[in-house]
Amino acid sequence: EDPSLERHFRGHRDAVTSVDFSLNKKQLASGSMDSCMMIWSMRPQMRAYRFVGHKDAVMCVQFSPSGHLVASGSRDKTVRLWVPNIKGESVVFKAHTATVRSVHFSSDGQSLVTASDDKTVKVWTVHRQKFLFSLSQHINWVRCARFSPDGRLIVSASDDKTVKLWDKTSRECIHSFCENGGFVNHVDFHPSGTCIAAAGADNTVKVWDVRMNRLLQHYQGNAVVNSLSFHPSGNYLVTASNDSTLKILDLLEGRLLYTLHGHQGPATCVAFSRAGDLFASGGSDEQVMVWKTNFDSADYGDVLKTQKSGTNVDGTHHTLQSEMDCGVHLKKTKTQDSGRNHQQQLEEINLTNTLEHIMAQLDVLTRTVSILEQRLTLTEDKLKECLENQQKIVQNKMS
């Protein structure tokens, strides 16, 4: 079955900039250029809440992992933490000196990372609502910053055409990926934490390995990519582009699966739900749409279990052919293959990785043993030499 449009939310009075699901999928938050954040109920006939407080466009929103808080960043230079209920109370964080473009909670919900046009990335404690430190090596606006799943790394993307990887503890920049192609609008970590994906103004999506710092996959589209989101299984990636489409990429096969048409005008933001069965998108048409993923559950049900061991996204360079658009609401570019293939492939990759690892370990052990043997021989020779010398000395004395 193809992905299908499930719900349609209208209520914003300007372009939608950001969308995010709560943990239980009962709520969806969206931010807009109309200076409001809205919380939509996924249950039918339930009212939406409009949260007013920011003095200018809301650029980004995100639910905390538990779903008890929502963070928002705005052009009014502030970050707000909201309680997503009828009262809509919020606290304000002030430390940035320009538009805040991105907010992201660490997976334990304890920290918040924000990115701003003041060229800095800032980290805050959520419960004490305190500013902790700044990362300030970018030399232009920072559009996006994200924690790695384990919270040890931070990735940031800037208009200085670099994507930087930071160590949260030492606060050092450990690598810069230089984007010759242009600006990166959005960046995020793969659920395994081993790679990052970057959405480019040069119409590309690039997937980089953060352990080897090398390019794994390269998808060429035909419009600026504004946003992306990894499926929780790590097997798929959804993107939102200026040509009004959402695209679903199959990372294992390295190809485009679906192109979805729904928005009138640029699709600005997109996000999978925490379970991966839904994704939401927002556009400059002021609309928020919720889509049913409809992937074969075999594609990712079991994978979520095996994913814990951190499989690697198999990487070769892939280019997407430009497509003929036949004004259909939903265009399918999938060759029907049984969902088991993904699972088998993943297990094979897993197994190959494990075997390679074991072989490498054995190799190390063999080398270690042979070195030890050499040392032992050397020691024995030395000992023999010493004994012979001592005997000579004793004989000399006696004679």
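Everything numeric here is computed off the predicted structure, so don't read it as measured data.

Conventions and cut-offs
- Residues numbered from 1 in each chain as written.
- Predicted model: local features only at pLDDT ≥ 70, side-chain atom pairs only at ≥ 80, totals over all residues.
- Heavy atoms only, no water.
- pLDDT = per-residue confidence, 0-100.
- Contact = heavy atoms within 4.5 Å.
- Helix = DSSP H or I, 4+ residues; strand = E, 2+ residues; numbered from the N terminus.
- Buried < 20%, exposed > 50% of the residue type's maximum accessible area, 1.4 Å probe, protein only.
- Phe/Tyr/Trp six-rings, centres within 6.5 Å; stacked < 30°, edge-to-face > 60°.
- Polar contact = N/O pair within 3.5 Å; in protein donor to acceptor, adjacent residues only side chain to side chain.
- UniProt positions renumbered as here; feature names shortened; annotations may be inferred.
- Pairing = 2+ DSSP bridges.
- Axes fitted to C-alpha atoms, helices over the stretch in contact; angles between N-to-C directions.
- 1 Å grid on protein atoms, 1.4 Å probe; cavity = no way out; pocket = protein on both sides within 12 Å on 5 of 7 lines; lining within 4 Å.
- Points joined across faces, edges and corners; volume = space filled by probe spheres on them.
- Disulfide = S-S within 2.5 Å.

1. Focus: the confidence of the model for the protein chain
- Of the residues in the protein chain, 82% have a pLDDT of 70 or more, and the chain-wide mean is 85.
- Ignoring residues within four places in sequence, the model shows residues 301–340, a span with pLDDT below 50, making 98 contacts including any to other chains.

2. Looking at the side chain of Asp117
- Mapping Asp117 onto the fold places it in the loop between strand S11 (111–116) and strand S12 (121–125).
- The class of Asp117 is buried, set by a relative accessible area of 11%.
- With residues up to four places along the chain from it excluded, the contact list for Asp117 reads Ala98, Thr99, Arg101, Trp141 and Val142.

3. Observations regarding the packing of aromatic side chains
- Scanning all chains against the criterion turns up 9 aromatic pairs.
- Between Tyr49 and Phe51 the ring centres are 6.5 Å apart and the planes differ by 85°, which places this aromatic pair in the edge-to-face class.
- Judged by its relative accessible area of 23%, Tyr49 is partly exposed.
- Taking relative accessible area as the criterion, Phe51 reaches 4% and is therefore assigned buried.
- Ring geometry for Phe177 versus Trp208: centroids 4.8 Å apart, planes at 45°, classification tilted. Remark: Trp208 occurs in strand S20 (residues 204–209) and Phe177 occurs in strand S17 (residues 172–178); sequence separation between them is 31 residues. Across this residue pair, the class does not change: Phe177 and Trp208 are buried.
- An aromatic cluster of three or more residues is present, and its members are Tyr49, Phe51 and Trp82.

4. Regarding the side chain of Ser229
- Here Ser229 lies in strand S22 (residues 225–230).
- Residue classification places Ser229 among the buried residues on the basis of a relative accessible area of 9%.
- A polar contact is formed between the side chain of Ser229 and the backbone nitrogen of Phe272, at a distance of 3.0 Å.
- The residues contacting Ser229, other than those within four sequence positions of it, are Tyr236, Leu237, Val238, Val270, Ala271 and Phe272.

5. Details of the UniProt feature "repeat: WD" (unreviewed entry) in the protein chain
- On the UniProt side, "repeat: WD" (unreviewed entry) is annotated at positions that read residues 9–50, 51–82, 93–134, 135–176, 177–218, 225–259 and 260–292 here.
- Taken end to end, residues 260–292 comprises 0% helix and 61% strand; its first and last C-alpha atoms sit 12 Å apart.

6. Looking at the environment of Val270
- On the secondary structure map, Val270 appears in strand S26 (residues 267–272).
- Using a relative accessible area of 5% as the deciding quantity, one classes Val270 as buried.
- C-alpha of Val270 to C-alpha of Leu228: the two residues are 42 residues apart in sequence and 6.1 Å apart in space.
- Discounting chain neighbours no more than four positions away, the residues touching Val270 are Val19, Ser227, Leu228, Ser229, Val238, Thr239, Ala240, Leu246, Phe279, Ala280 and Ser281.

7. Structural notes on unusual backbone geometry
- Of note in this structure, Lys77 is not a glycine but carries a positive phi near 75°.
- Looking at the element boundaries, Lys77 is found in the loop between strand S7 (70–74) and strand S8 (78–82).
- You will see that Lys161, though not glycine, has its phi angle at about 70°, which is positive.
- For Lys161, the location among the structural elements is in the loop between strand S15 (153–158) and strand S16 (162–167).
- With relative accessibility at 36%, the residue Lys161 sits in the partly exposed group.

8. Concerning the sheet that holds S16
- Overall, antiparallel pairing links the 4 strands, which are arranged S14-S15-S16-S17 in an open sheet. Of all strands in the sheet, those bounded by a partner on one side alone are strand S14 (142–147) and S17. Neighbour-to-neighbour, the strand axes of the sheet open up by a mean angle of 20°, direction not taken into account.
- Pairing analysis gives 5 bridges linking S15 to S16, with the strands arranged antiparallel. By the bridge assignment, Ala157 is partnered in S16 with Val163.

9. Considering empty space enclosed by the protein
- Throughout the structure, instances matching the rule amount to 2 cavities of 30 Å³ or more.
- Each pocket or cavity is described by its volume, and for the largest cavity that value is around 90 Å³.
- Lining the largest cavity are 14 residues, and of these Asn203, Gly221, Val225, Thr239 and Lys247 sit closest to its centre.

10. A few points about the state of the cysteines
- In total, this model carries 0 disulfides according to the counting rule given.
- Cys60 takes part in no disulfide bond, and the closest cysteine sulfur to it belongs to Cys144, at a distance of 9.0 Å.
- The buried category is assigned to Cys60, whose relative accessible area is 5%.
- Unpaired in terms of disulfides, Cys173 finds its nearest cysteine sulfur in Cys178, a separation of 9.6 Å.

11. Looking at the pairing of S26
- Burial within S26 is extensive, with 5 of its 6 residues counted as buried.
- Across 5 bridges, S26 lies against strand S27 (residues 278–283) in antiparallel orientation. From the neighbouring strand, Ala271 faces S27, where its bridge partner is Ala280.
- Counting the residues between successive antiparallel strands, the hairpin from S26 to S27 contains 5 residues, one of them, Gly276, with a positive phi of roughly 90°.

12. Brief notes about the environment of Asp76
- Here Asp76 shows up in the loop between S7 and S8.
- Classification of Asp76 by relative accessible area gives buried; the value is 18%.
- In sequence terms Asp76 and Thr99 are 23 residues apart; their C-alpha atoms lie 6.2 Å from each other.
- Leave out the neighbours within four places in its chain, and Asp76 touches His54, Lys55 and Asp56.
- Polar contacts involving the side chain of Asp76 include one to the main-chain amide nitrogen of Lys55, which spans 2.9 Å.
- Among the polar contacts listed, one links the side chain of Asp76 to the side chain of Thr78, at a separation of 2.7 Å.

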